[in-house]
Structures are given as structure tokens and as C-alpha cells.
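Fold and contact review
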Amino acid sequence: MIRKFITLIGTVGIVVGFIAVIGLMGSLRPKIKPLTPEITPPTVFFSTAQSGEVTLDVVVQGEVRPRTDINLTAEISGKVIRMSEKFVDGGAFDIGDTLVKIEDADYRVAVTSARARLAQAEEALRREEAEAKLAERDYAELGSTGESNELALRLPQLAQARAFYESAEADLNAARLNLARTEIKAPFKGRVRTRSAGVGQFVSPGAQIGRIFSTDVAEIRLSLTDNDLAKLGLPVAFVETKEEQGPPVVLSAQLAGKLHQWTARVTRTDGAIDPATRQISAIAVVEDPYGAGADAGTPLAMGLFVDARIAGRPIPEAIVLPRSSLYGRDTVYVIGAENRLEERRVEIVSTDRDTITIVAGVSNQERVVTSPLRGAAPGSIVTPLDPNTVNDNSGAEELDAATGAIAKAGANL
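Residues numbered from 1 in each chain as written. Predicted model: local features only at pLDDT ≥ 70, side-chain atom pairs only at ≥ 80, totals over all residues. Heavy atoms only, no water.

What to know about the overall build of the chain
Each helix and strand in the chain was counted, giving six helices and 23 strands. For the chain, the residues scored as buried account for 34% of the 413 residues in total. Considering only contacts within the chain whose residues lie at least 6 apart along the sequence, 76% involve residues at least 24 apart. Element-wise, carbon and sulfur atoms account for 53% of the exposed surface of the chain, whose accessible area totals about 25,400 Å². (Helix = DSSP H or I, 4+ residues; strand = E, 2+ residues; numbered from the N terminus. Buried < 20%, exposed > 50% of the residue type's maximum accessible area, 1.4 Å probe, protein only. Contact = heavy atoms within 4.5 Å. Areas by Shrake-Rupley, 256 points an atom, 1.4 Å probe, with all protein chains shown as cover.)

So, the sheet that holds strand β4 (residues 69-73)
Spatial strand order, β4-β11-β9-β6: four strands in an open sheet with antiparallel pairing. Either end of the sheet is taken by a strand with one partner, and the two such strands are β4 and β6 (92-93). (Pairing = 2+ DSSP bridges.)

Structural notes on the pattern of salt bridges
One pass over the full model with this rule turns up 24 salt bridges. Of the charged contacts in the structure, one is a salt bridge between Arg126 and Glu129, with a shortest N-O distance of 3.8 Å. Taken together, the residues Arg126 and Glu129, both in helix α2 (residues 105-141) and three residues apart, mark about one turn of the helix. Of the charged contacts, one joins Arg344 and Glu366 as a salt bridge, the two residues approaching to 2.9 Å between their closest N and O atoms. (Salt bridge = Lys/Arg side-chain N within 4 Å of Asp/Glu carboxyl O.)

Side note on the packing of aromatic side chains
Following the criterion strictly, the structure yields two aromatic pairs and no others. Ring plane angle 35 degrees and centroid distance 6.5 Å describe the contact between Phe93 and Phe188, whose orientation is recorded as tilted. A residue pair is termed long-range when its members are at least 10 positions apart, and Phe93 in strand β6 and Phe188 in the loop between β8 (183-185) and β9 (190-195) qualify at 95 residues. Assessed through its relative accessible area of 2%, Phe93 is described here as buried. Residue Phe188 is classed as buried on the basis of its relative accessible area of 13%. (Phe/Tyr/Trp six-rings, centres within 6.5 Å; stacked < 30°, edge-to-face > 60°.)

Focus: the pairing of strand β14 (residues 258-269)
In the sheet, strand β13 (residues 248-255) pairs with β14 via eight bridges, with the strands oriented antiparallel. In the strand pairing of β14, Ala253 is matched with His260. From the end of β13 to the start of β14, which pair antiparallel, there are two residues, and Ala256 there has a positive phi angle of about 60 degrees. Pairing of β14 with strand β15 (residues 280-287), which is carried by four bridges, proceeds in the antiparallel orientation.

Brief notes about the confidence of the model for the chain
Mean pLDDT for the chain: 83, with 81% of residues reaching 70 or above. When pLDDT is averaged over each helix and strand of the chain, the minimum, 44, is found for helix α6 (residues 409-412) and the maximum, 95, for strand β7 (residues 98-102). Per-residue pLDDT stays below 50 along residues 393-413; that stretch engages in 25 contacts with residues further than four places along the chain or on separate chains. (pLDDT = per-residue confidence, 0-100.)

What about the pairing of strand β18 (residues 331-335)?
β18 sits mainly inside the fold: five of its five residues count as buried. Burial along β18 is two-sided: Thr331, Tyr333 and Ile335 facing one way and Val332 and Val334 facing the other are all buried. When β18 meets strand β19 (residues 341-345), the two strands line up antiparallel, connected through five bridges. By the bridge assignment, Thr331 is partnered in β19 with Arg345.

Focus: the nonpolar core
Core analysis: the largest hydrophobic core is formed by 28 residues, its most contacted members being Leu251, Leu300, Val306 and Ile310. Beyond its immediate chain neighbours, meaning those up to four positions away, Val306 contacts Val60, Gln61, Gly62, Val64, Ile220, Leu251, Ser252, Ala253, Trp262 and Leu300. Phe93, Val100, Phe188 and Val192 belong to the second-largest nonpolar core, a separate cluster that totals 19 residues. (Core = buried A, V, L, I, M, F, W, Y, C linked by side-chain atoms within 4.5 Å.)

What to know about the sheet that holds strand β22 (residues 367-369)
As summarised here, the arrangement of the five strands in space is β19-β18-β22-β1-β23, forming an open sheet in which the pairing is mixed. Where the open sheet ends on each side, the last strands, each with one partner, are β19 and β23 (383-385). Pairwise comparison of adjacent strand axes, ignoring direction, gives a mean angle of 45 degrees for this sheet. (Axes fitted to C-alpha atoms, helices over the stretch in contact; angles between N-to-C directions.)

Next comes the structure, spelled out in C-alpha cells:
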């Protein structure tokens, strides 16, 4: 019993001694003065506003089409006896070229017959004119003072002879016209899209012989929104004049593995808005697309799908900013005096994927924030950082630190 008591007293002594040692060590530890953490302003990127004249181009797409694209048809009936070597699919021809020849024997006979009838009618008219003059002289020699008798003066007979002559003359003109129609000539300079008739085939009036299109002018229909019209300064139902010319257009397309460009201009716009798309079309034209209008020998082929950049109207004193500087619909933040944020409402005239163009709300050389700011408030102090001063090689660590600070900006603002 005594042994157990002594053991218990020893254990308690050890514990007390251990506690005393710990207390002594704690009292010997140096005192650390608490420091208040310093909150640094968040770092933000900015872009310096540069005011100047800005041209708002419009980029759209369209298909190249000929101004004239028609079916070539026969006006008379007959057998095709000859076709021009140019009248083949893809063939080129000039205005007035004979493309198709129809057998004309029957029409030459008709011309000869009509000419003979005209000669007979002319002889009858001349004879009747002589009879009328003779009757008028006889009537005057008789000394008649009363009203003259038309039958006695042979006036009805003369009118009938004149009518027969005019009818015969019209028949001869019709026969000659039909004879001329045996040669189907090109009404304009162009190319053959398709040929649908051949030598030996009998055609009737209205029968389609082929399809041709003109190459003097190519047209590209470009669909524009109301915002696009505002950029270009084009009204609805615009028509180009010598005093007011349409804006220039640069067409581009990949053809045969190479990028080609052609110069065009807008000559008119539609007079009505498309009810399906709520857009209006502007028509750009290229003169002589297979000749002088070609790009280094590469013609602007019909049916080609092209990108079109239309030169817009110049806007003086405009500022182009990165799209990342826009908050909401029309708000930006400017770094003002003492690096404090200022909220500005801006007037936007154009937006695209990467930039916005404004004409009011920001002054020249002001610093506009381009960093994402969550919960930004006017008056907040920031640390501005111009991304143009960050060197890709020597400033990598600075850029990483700035990026980390920007990520924490939402918590500090």
C-alpha cells in the first residue's frame, strides 16, 4: 500500500515538473509585435484613347451575277443548218456575232413574192393617180360650179389603190424581217451558259436554243443591315450620279488556290426592305469583269462567292477601343486623377468582334480600363499597367504578378 502511494507521488511530481519546464520555455520566447496588413490597390490594364478620323468599313458577302442573263430563242420556224464555233458551253462572243443560222429558202421565196405584189400595187397606184388627175382636169374643163363628186374625181379608187400599195409594202417588210431572223445574232457581248439545240434540229417560234449572259458588267448583291447603312451613309433607294458616286468596294475570293481581289463600286440600293430578312441590298458593279476588270488576268467569274469590304464614311474625332473595355451596353471606366476609377457613358457608333468605336464620353489621351472588374465602383483606387510596356522576355514575372493581382481585383473593389 505504501509502495503504491510513493509511486503515485513520483508520477505527479514528474508531470508538475514537465509543466513547469514548458512554462519556463514559453516565458523565454521573444515577443512578436503584430503588424497590420497593408491592402494594395488592384492592378488593371488600360488603353490610351487616341482620337482621330476613323473610316467604318462594312464587310459582307455576295454572289457574282451578270446584269443580263437570258434564254436565246428562235423567232421563226425552220431547220438549224449552221452554228457558230463560239456557240458552245462557255464560249465567248461579241455583240452582233451570228450564233445560229436557220434555213432561209422559204423566207427568200416569201421576200420575192412580196416584192412582186408590191410592184403590182405600185403600178396600180400610179395608174389610179393618173386617172384621178385626168378626172379632176375634165371636171374643171366642164366648168362645173357645184360641189365636186368624189366618185367623179375617182378619190375612193385612189384611196383603195394607195391602201393596197401600203399593204404590199408591209408584207415585203415582214418577209424581209423573217428572212433576217433566220440569223440569230448576239444582242450583247457575253458568254454561253448552255446550248440546247444542234445542227439539223427543227425549231419553232419560242423554242429555246441556249442560255447566254452578258460580260460587260458584273453585279454583286450585298445584304446590309440598318447599322451598315448608317456606317456607309447610304440612303434607301440610292442611285449613283456623277455628282454623288457610290462608295468603293474591294472584292476578294480564293480562286485556284490563290487570293484574288477586284475593284467595284456601289451604284444603287434597293428601294424596299426585304420583309423576310429586314435587310436592304446594295448592288456593287465591276466593269468588264473578264477583261479590264480582271485581277492580273483572273476574271471575276459569274457565280463566284466573294467577300466584299465596302468603304464607309469617315468619322472625325472618333476613338477606337478594345471591346474588353466595354461594361454593359455603353459604360467604360477611365483611370482619372490619383488613379481613381471614373465611370463614363459613351456613344458607340460601331462594334465588331474585337473593338468598339465611340464619338463621345472619353477624351483624347485618357486611360481606359481594359481589365475585367467585378463590382467596380467609381472612386476606387487602382494600379494602372500599360500592356504595351510589358516586355515578353524581361517582363514575364511582372506580367504574371499583374495577372494575379487582376484576378483578385473583384475581391478588393
